[in-house]
Amino acid sequence: MRSARRWAVVLAVGSGVLGGCEDSDPPVDPLPDSGSVDSGTPDAGGAQGDDGGTQVEVDAGTDAGSLGEPLPCEKTQGVCSGARRALVDGAYEPVCTALSYGADYEASETRCDGLDNDCDGVTDPPPSWSQVASLGWPPHAGRISSLRVTEGVLAVVFDREVVARVIQMDTAMTPLGTTEIPVEVQDDVLALDTVSTRLLRTSQGPALYYSSAGPNGDHTRGHLILLDEQGHRVPREGEPEGGALLFDQTVGDRATAAAVSADGTRIFSAWRNSSSFVSGGREVRGALTELNGQSVVAPRVLMQAIAKDTVLYGVDVMGLRDGGFVVLAQEIKDGAVEGLLRLQRFDAGLQPVGDERTFPSEANPETRLVDLGAAAGDALASPAIVLRGIQAGQRVLTVLGNLFGEVSNRTLATTTPMEASWAGTAVTSRGLEAAWLSVSRNSQESDPLFSWRGRFWALGKEGVPADLTPGPEYLPLHRYAQWVQLQELPERWMGALVMTSTKSPLSHTLQAVRYCAP
């Protein structure tokens, strides 16, 4: 195997379980004329003023000068700053409404527009929390995925045996329905522990990718099922119930990875040669197929462990905008405190391009590949790695950018000291967004599965983290809740999914939070 080139990136990964509003101009008094005019002013919901949509007649024949100057309005903050009372039916409003405050005013703020619309001194509405679904077996990060669709968000969760549950939500993160899709599971005893999943956007619409491993860790199959925008299966003639077969390999991996090509027509799948006797694997293999499972590039070895006593973990893959792909893997030695992040680029035929890049790190970091889009540069400048670590004694989420050039290193967020961050990221029209559960141990609970608690944080104004937890109490968490599913919503809203759990009574709940992005 060729020697890996190294770039010194000063990054130590922490231990722990991963998992000004503008003032409105005062209204100008209407000039008197011989008639009346319609002065209804729409608010956010399309209603006129504060009267539920009634049109208010302004007496334009009144000589406003005889009434004196209009007095200032009651509210003076936000969009109400500088507002004076509007003339209505020959008199100034006794209590100011949207007619006085202007079109941006709302009695109860609903808009996510960066303005203080209800003039209470607080910009934008507070986050809203809701329960999406009760869950069966608690899913870890490999058994839940989400995808932005035309009218909202889809989430797929494996919390039942032999079915994937696809949950449809609208843009307010309100659940609209759930579709159960049968899947092929090879190990009936450990069904949920042998499945991994990811929702993908293809040229034919949303798709459910999933893989399942055999009972002895000696077999892995990957499948693809096309969905419509509501999360229902799109049947294809002759396709098995379990979906199009992408690969069928005599190796075991319960955490495979998949990505879509730039044109959306092909699926790149990758897996390790793990087994029931060895954690991790010595090789990463991959294949390229059409959406119907037809082979484009047969399964081949993509990466091998460098040292004799190390294994590969944490495989992630991503399609590049030039038509190629990139593979990220972590290499560590059992019991070691240091390891490597290894990155290799491949062309559209899965042939390696250029030298492999490596980044020193401590063992077992939490990492993910993201593409920052055209705003970050060309197809090779925009890929980045987001990872959790420690810098200068602080816990941070870090972005390694320009991976195929002179690598950059910037802090995305500084998280709560002494607490682990279980994070999620999303590339949005405004850039890279992040949200995370800041987690600590609950000393009053001895069960290692339920002895976790946390608060929900997200990036706020100017990148300063904001605590969006509903109330002063910690969220009760399960050890498998080491994930945040994050999606961009219309009009500067963000939607996140997290799981809360209680031991008594036993429950696992998929929670949604909708909040304004900065």
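Residues numbered from 1 in each chain as written. Predicted model: local features only at pLDDT ≥ 70, side-chain atom pairs only at ≥ 80, totals over all residues. Heavy atoms only, no water.

### Let's talk about the overall build of the protein
Where we set the bar: Runs of E in the DSSP output that reach at least two residues are strands. Runs of H or I that reach at least four are helices, and both are numbered from the N terminus. Categorising residues by exposure relies on relative accessible area from a 1.4 Å probe, with only protein chains included: less than 20% of the type maximum marks a residue as buried, more than 50% marks it as exposed, and the intermediate range marks it as partly exposed. What sets the accessible areas is the Shrake-Rupley method with a 1.4 Å probe; for residues, cover comes only from the shown protein chains.
Helices and strands together make up the secondary structure of the protein, namely one helix and 34 strands. In the protein, which comprises 518 residues, the proportion classed as buried is 52%. When the accessible surface of the protein is summed, it comes to about 22400 Å², and 50% of that surface belongs to carbon and sulfur atoms.

### A look at the sheet that holds strand β13 (residues 220-226)
Sheets are built from strands that pair by backbone hydrogen bonding, the pairs being arranged parallel or antiparallel. In plain terms, the rule: By the convention used here, strands pair only if DSSP detects at least 2 bridges between them. With axes taken as lines fitted to C-alpha atoms, and helix axes fitted only over the stretch in contact, angles between N-to-C directions fall between 0 and 180 degrees.
On the basis of which strands lie adjacent, the open sheet formed by four strands has the order β11-β12-β13-β14 and antiparallel pairing. The sheet is open, and its two edges are formed by β11 (195-202) and β14 (244-249), each paired on a single side. Each strand axis lies, on average, 15° off the axis of its neighbour in the sheet, ignoring direction. Here strand β12 (residues 205-213) runs beside β13; their pairing, made up of seven bridges, is antiparallel.

### Some words on the side chain of Thr179
The line we're drawing: Contact definition: two residues touch when any of their heavy atoms are within 4.5 Å.
Position of Thr179 among the secondary structure elements: in strand β10 (residues 175-182). With residues near it in sequence (within four places) discarded, Thr179 still touches Ala164, Arg165, Val166, Gly231 and His232.

### Concerning the state of the cysteines
The line we're drawing: When two cysteine sulfur atoms lie within 2.5 Å, the pair is treated as a disulfide.
Applying the stated criterion to the full structure yields three disulfides. Each sulfur of the disulfide joining Cys80 and Cys119 lies 1.8 Å from the other. Because the torsion about its S-S bond is 80°, the bridge between Cys80 and Cys119 counts as right-handed. Of this pair, Cys80 sits in the loop between β3 (57-59) and β4 (87-88) while Cys119 sits in the loop between α1 (98-101) and β6 (128-135), placing them 39 residues apart in sequence. The same class applies to Cys80 as to Cys119, namely buried. Each disulfide pairs two cysteine sulfurs, and for Cys112 the partner residue is Cys516, the sulfurs being separated by 2.4 Å. With a gap of 404 residues between them, Cys112 in the loop between α1 and β6 and Cys516 in strand β34 (residues 507-516) connect regions that are remote in the sequence. Taken in N- to C-terminal order, the disulfide-linked cysteines of the protein are connected 1-3, 2-5, 4-6.

### Re the pairing of β34
In terms of burial, β34 is a largely internal element, nine of the ten residues being buried. Alignment of β6 against β34, held across seven bridges, turns out to be antiparallel. Looking at β34, one finds that Ser130 is bridged to Ala512. Pairing analysis gives ten bridges linking strand β33 (residues 493-502) to β34, with the strands arranged antiparallel. Note on β34: the bridge partner recorded for Leu497 is Ala512. Following β33, the chain reverses through four residues before pairing antiparallel with β34.

### A look at the environment of Tyr209
By the element assignment, Tyr209 lies in strand β12. Under the relative-accessibility criterion, Tyr209 is labelled buried at 1%. In this structure the C-alpha to C-alpha distance between Tyr209 and Gly222, which are 13 residues apart in sequence, comes to 7.4 Å.

### Here's the deal with the sheet that holds strand β32 (residues 485-488)
Here we have four strands laid out as an open sheet, ordered β6-β34-β33-β32, and antiparallel in their pairing. Across the chains shown, the open sheet's two edge strands, defined by having one partner strand only, are β6 and β32. Pairwise comparison of adjacent strand axes, ignoring direction, gives a mean angle of 25° for this sheet. Relative to β33, β32 is paired through four bridges, and the arrangement is antiparallel. Directly across from Gln487, in β33, lies its bridge partner Gly495.

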